[in-house]
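A structural walkthrough
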Amino acid sequence: MAIIEVKNITKRFGNKIVLDNVSFNIHKGDIYGLIGPNGAGKSTLINIMTGVLESQGGDIIIDGFSIKENPLEAKRRIGLVPQEIALMETVSAYENLEFFGALYHLKGPLLKKRITEVLELTGLEEKRKEKVKKFSGGMKRRLNLAVALLHYPEILIMDEPTVGIDPQSRNHIFEFVKNINKEKGTTILYTSHYMEEVELLCNELFIMDLGKEVASGEKQMVKSLAGGNSRIQLKTFGATRETEKSLRELKGVKACQIEEDSIVLMIEDKEFQLEVLLKILEQKQIKIKGINFQEPSLEEVFLSLTGKSLRE
Ligand SMILES: Nc1ncnc2c1ncn2[C@@H]1O[C@H](COP(=O)(O)OP(=O)(O)OP(=O)(O)O)[C@@H](O)[C@H]1O
């Protein structure tokens, strides 16, 4: 069942079209990746989804409630972890949670219980009395996440949650996303321009560029759109520049590189013949110790569909 239905969303700033007829469905329990380079329109779409901005066309239905017609019911189901950290610096983590809890109309023992739970979920129990200004960027992000969880949202929207944080906090956020999804069944919408994160976490995705859909659907299916290219790594010893040159000339080989103890080939699946490669290596008396096929990364998928790299 779709818990979020994005229906034909169009958004213009002045005469610039920032979202052009964007549609997709997120199902209950998904970890859904919304990806695209800077300026693709991800934050604008999230702002429309959370009622901060209005779209000119289309609607977003959250658990059956339209963000246009029934914004309170729609927003009640969402916890947002914004890209910009929104916390009070001069008071403690606990006091921040009390303040934001009150905004969700939580009070008394219930608020206390929720604060204890979200501090535990984000690994900040020991830091609860510390002032936020003393927190690292990663800890601030985790506290931002704790705030978003106070009202037990069914849907958690995370806008670039790992930008500018240390590896430890990043891992913590990854583990947290996986756990809350598995144990509480929370649906997650995760936006990022870091492909490896989306690759690791998400089962479904929507790739966008310049306000438009590039590809969407189940991760493996999206990957298969990369034009049937794969990467082969052969563990060998003794390959030379001359070997590299002759392998490059083989049918279906798009690129070849000799590394210290391996040969790496980018191949076009349809054209490439493994037997021919093996024969050549045998003739050259190059022994193969291992062979490893890898599917294309999402980075390569984006490149093959748009001709552009995702990185700035
Ligand atoms: N308030 C605004 N007025 C005018 N243009 C805007 C406004 N907000 C965003 N834009 C433009 O809309 C486009 C999409 O921006 P948006 O922030 O949604 O992209 P993004 O995919 O979230 O990128 P990033 O990862 O950098 O946040 C950009 O070209 C941006 O300059």
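Residues numbered from 1 in each chain as written. Predicted model: local features only at pLDDT ≥ 70, side-chain atom pairs only at ≥ 80, totals over all residues.

**A short note on the sheet that holds strand β2 (residues 16-27)**
Where we set the bar: Whether two strands pair depends on DSSP finding at least two bridges between them. Put simply, DSSP marks the helices as runs of H or I at least four residues long and the strands as runs of E at least two long, and each gets a number from the N terminus on.
With respect to topology, four strands assemble into an open sheet ordered β2-β1-β4-β5, the strand pairing being antiparallel. The open sheet is flanked by β2 and β5 (65-66), the only strands paired with a single partner. Both strand β4 (residues 57-62) and β5 contribute to a ladder of two bridges, which runs antiparallel. Across the sheet, residue I61 finds its bridge partner in β5, namely S66.

**What to know about the pairing of β4**
As paired elements, strand β1 (residues 2-13) and β4 share five bridges and run antiparallel to each other. Along β4, the bridge assignment pairs V6 with I60.

**Concerning the confidence of the model for the chain**
Let me state the cut-off plainly: pLDDT is defined as a per-residue confidence score from the predictor, taking values between 0 and 100.
Averaged over all residues, the pLDDT of the chain is 89; the fraction at 70 or higher stands at 99%. Two numbers describe this predicted complex: its pTM, 0.80, and its ipTM, 0.95.

**Things to note about the site of the ligand**
Stated formally: Only the C-beta atom matters for this test: placed from the backbone, it must lie within 6 Å of a molecule or strand for the residue to be near it. When residues are grouped by polarity, Ala, Val, Leu, Ile, Met, Phe, Trp, Tyr, Cys and Pro land in nonpolar, Asp, Glu, Lys and Arg in charged, and all others, Gly among them, in polar.
All residues adjacent to the ligand are F13, V18, G36, N38, G39, A40, G41, K42, S43, T44, E160 and H193. Each residue belonging to the shell around the ligand can be placed in one class, and the counts come to three nonpolar, seven polar and two charged.

**Let's talk about the packing of helix α3 (residues 93-103) against helix α4 (residues 108-121)**
Quick reminder of the rule: Structural elements are reduced to axes, namely lines fitted to C-alpha atoms, with helices fitted over the stretch in contact, and the angle between N-to-C directions of any two is expressed from 0 to 180 degrees. Oblique is the label for any angle not under 35 degrees, not over 145, and not in the 65 to 115 range, which are roughly parallel, roughly antiparallel and roughly perpendicular in turn. Rotating anticlockwise by less than a right angle from the far helix to the near helix defines a left-handed crossing, while the corresponding clockwise rotation defines a right-handed one. Placing a C-beta atom from the backbone of each residue, one calls two residues in contact when those atoms lie within 7 Å.
α4 packs onto α3 with a crossing angle of 130° between their chain directions and a minimal axis gap of 10 Å. By the angle between their directions, the pair α3 and α4 is classed as oblique. In this structure, α3 crosses over α4, and the sense of that crossing is right-handed. In this structure, α3 uses Y94, L97, E98 and G101 to contact α4, whose residues at the interface are L111, R114, I115 and V118. A per-class count over the contact of α3 with α4 returns five nonpolar, one polar and two charged.

**Let's talk about the sheet that holds strand β12 (residues 253-259)**
Pairing is antiparallel across the open sheet formed by four strands, whose spatial order is β12-β13-β11-β14. Two strands close off the open sheet at either side, each with one partner strand: β12 and β14 (287-294). The sheet shows a mean angle of 15° between the axes of neighbouring strands, taken without regard to direction. For β12 and strand β13 (residues 262-268), the ladder comprises six bridges, and the chain directions are antiparallel. Its bridge partner lying in β13, V253 is registered against I267. Across the sheet, helix α9 (residues 241-248) touches β12 and β13, and the angle it forms with β12 is around 165°.

**What to know about the nonpolar core**
So the rule is basically this: By convention the nonpolar core is taken to be a set of buried residues drawn from Ala, Val, Leu, Ile, Met, Phe, Trp, Tyr and Cys and joined through C-beta atoms within 7 Å. Backbone-placed C-beta atoms define the burial measure: a residue is buried with 20 or more other C-beta atoms within 10 Å of its own, exposed with 12 or fewer, and partly exposed in between.
The biggest cluster of nonpolar side chains holds 63 residues, and the ones touching the most others in it are Y32, A146, I157 and Y190. With seven residues, the top contributor of residues to this core is helix α5 (residues 137-149). L234, C256, I267 and L277 belong to the second-largest nonpolar core, a separate cluster that totals nine residues.

**Some thoughts on α4**
The line we're drawing: For a helix, the expected span equals 1.5 Å multiplied by the number of residues minus one.
The end-to-end C-alpha separation of α4 is 20 Å, in line with the 20 Å expected for 14 residues at 1.5 Å each. Summarising the contacts, the buried residues of α4 are in contact with α3 and α5. Downstream of α4 by a residue or two, G123 has a phi angle that is positive, lying close to 70°.

**Considering the environment of E95**
By the element assignment, E95 lies in helix α3. On the neighbour-count criterion, E95 (15 C-beta atoms within 10 Å) is partly exposed. C-alpha separation for the pair E95 and V132, spaced 37 residues apart in sequence, amounts to 9.7 Å.

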